[in-house]
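# Understanding the architecture of this molecule
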Amino acid sequence: MRARLLCDGARVIGVDLGDAEVCADLATPAGRRAAVDGVRALAPQGLTGAVACAGLGPHVPDRGLLVSVNYFGAAELLEGLRPLLVGRPGAAAVAVASNSASLPNAVDALVDHCLAGDENAARTAAATLHGASAYAASKRALACWVRRSATGPDWAGRSVRLNAVAPGAVQTPLLDGSLADPVLGPAVRGFPIPTGGFGTPDAVADAIAFLLGPDARFCCGSVLFVDGGSDALLRPDAF
């Protein structure tokens, strides 16, 4: 994503645990505040775009950590950065969800805790779940947050577009971790991808760049599936 934006001529402020313009831990409330403060210090004039793409995979043994990063880290970061987007022409934000958010193993109770903003309850609920269920629920909650927030007074009402992408199996370290898991690995390899084979990070970056750019100026609250057709194959009548 960073390479694509730099190629497009954008100035990029990265947020990560290390080796970034802003070093912060999105798994904690204090880390999220530090991330927002760090970005604000580097871009006092504001931002034209924001992307929340940090995430942990279903193979991570600490399910609470998974939820803290995947949902609270993403949603709270974007909320914190929103004031920097207001007033900038064409401002847009994108969250990275997942096509697993639409699968039936997303646990509603965990989704509800996330959307209610109760991180402690969400972490406790996630600790009782299989990794795939906790991951799907965290990404479903994020997609729901985008849909619920995008049309409200704080986002569309302030001329800031909020959308999401929902990638499928993409060749990243996150996918490598799942493939190496003795239980998750066979399931991931057997997951149907109509276009054939796993996706590439560039394909997801292209979709995000589209949602950030002027060609997507009428997209608001959209969840764009970038999964080689898997969601359409499994849920042809749901859209």
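The rules behind the values
- Residues numbered from 1 in each chain as written.
- Predicted model: local features only at pLDDT ≥ 70, side-chain atom pairs only at ≥ 80, totals over all residues.
- Heavy atoms only, no water.
- 1 Å grid on protein atoms, 1.4 Å probe; cavity = no way out; pocket = protein on both sides within 12 Å on 5 of 7 lines; lining within 4 Å.
- Points joined across faces, edges and corners; volume = space filled by probe spheres on them.
- Helix = DSSP H or I, 4+ residues; strand = E, 2+ residues; numbered from the N terminus.
- Nonpolar A, V, L, I, M, F, W, Y, C, P; charged D, E, K, R; others polar.
- Buried < 20%, exposed > 50% of the residue type's maximum accessible area, 1.4 Å probe, protein only.
- Contact = heavy atoms within 4.5 Å.
- Axes fitted to C-alpha atoms, helices over the stretch in contact; angles between N-to-C directions.
- Parallel < 35°, antiparallel > 145°, perpendicular 65-115°, else oblique.
- Left-handed = near helix turned anticlockwise from the far one by under 90°.
- Arc of directions from axis to C-beta.
- Patch = residues over 30% accessible without salt bridge, like charges linked within 9 Å, V, L, I, M, F, W, Y side chains within 5 Å.
- Areas by Shrake-Rupley, 256 points an atom, 1.4 Å probe, with all protein chains shown as cover.
- Salt bridge = Lys/Arg side-chain N within 4 Å of Asp/Glu carboxyl O.
- Phe/Tyr/Trp six-rings, centres within 6.5 Å; stacked < 30°, edge-to-face > 60°.
- Lys NZ or Arg CZ within 6 Å of the ring centre and 35° of its normal.

### A look at the layout of surface pockets
The space that makes up the second largest pocket amounts to roughly 380 Å³. Along the wall of the second largest pocket there are 16 residues; nearest its centre are Ser102, Arg147, Val223, Phe225 and Arg235. Every element with two or more residues in the lining of the second largest pocket is listed here: α6 (131–150) and β6 (223–226). In terms of residue class, the lining of the second largest pocket is built from 9 nonpolar, 3 polar and 4 charged.

### A closer look at empty space enclosed by the protein
For the structure shown, the criterion picks out 1 cavity of 30 Å³ or more. What the largest cavity holds in volume is close to 30 Å³. What lines the largest cavity is simply Asn99, Ser102, Leu103, Phe191, Asp227, Ser230, Asp231 and Leu234. For the lining of the largest cavity, the residue count by class is 3 nonpolar, 3 polar and 2 charged.

### Notes on the environment of Ser178
Along the chain, Ser178 falls in helix α7 (residues 173–180). Take Ser178: its relative accessible area is 3%, and that puts it in the buried class. Residues within four places of Ser178 in sequence aside, it is in contact with Pro58, His59, Leu184, Gly185 and Val188.

### As for the packing of helix α4 (residues 108–115) against helix α5 (residues 119–126)
In the contact formed by α4 and α5, the axes pass within 8 Å of each other and the chain directions differ by 160 degrees. For the element pair α4 / α5, the angle class is roughly antiparallel. The two elements α4 and α5 cross, and the hand of that crossing is left-handed. Residue-level inspection shows Leu110, His113 and Cys114 of α4 in contact with α5, the latter providing Ala121, Ala122, Ala125 and Ala126.

### With respect to α5
Residues spaced three or four apart along an α-helix face the same direction, because each turn holds 3.6 residues. Looking at α5, one finds that the buried residues are Glu119, Ala121, Ala122, Ala125 and Ala126. Viewed end-on, α5 has its buried residues packed into an arc of 160 degrees, placing them on one side of the element. Of the exposed residues in α5, the ones pointing more than 90 degrees away from its buried face are Asn120 and Thr124. Residues of α5 that are buried in the fold lie against α2 (29–42), α3 (63–85), α4 and α6.

### Here's the deal with a nonpolar patch on the surface
Together, Phe191, Leu233 and Leu234 give the surface a local cluster of nonpolar side chains, amounting to about 260 Å² of exposed area. Given the relative accessible area of 30%, Phe191 is considered partly exposed.

### Side note on the packing of aromatic side chains
Evaluated as defined, the whole model comprises 2 aromatic pairs. Taking the centre distance of 4.9 Å and the plane angle of 90 degrees together, the rings of Tyr71 and Phe72 count as edge-to-face. Ring geometry for Trp145 and Trp155: centres 6.2 Å apart, planes at 90 degrees, overall edge-to-face. Remark: Trp155 occurs in the loop between α6 and β5 (161–167) and Trp145 occurs in helix α6; sequence separation between them is 10 residues. Each member of the pair Trp145 and Trp155 is classed as buried. We note Arg82 situated over the ring of Trp155; from NZ or CZ to the ring centre the distance is 5.9 Å.

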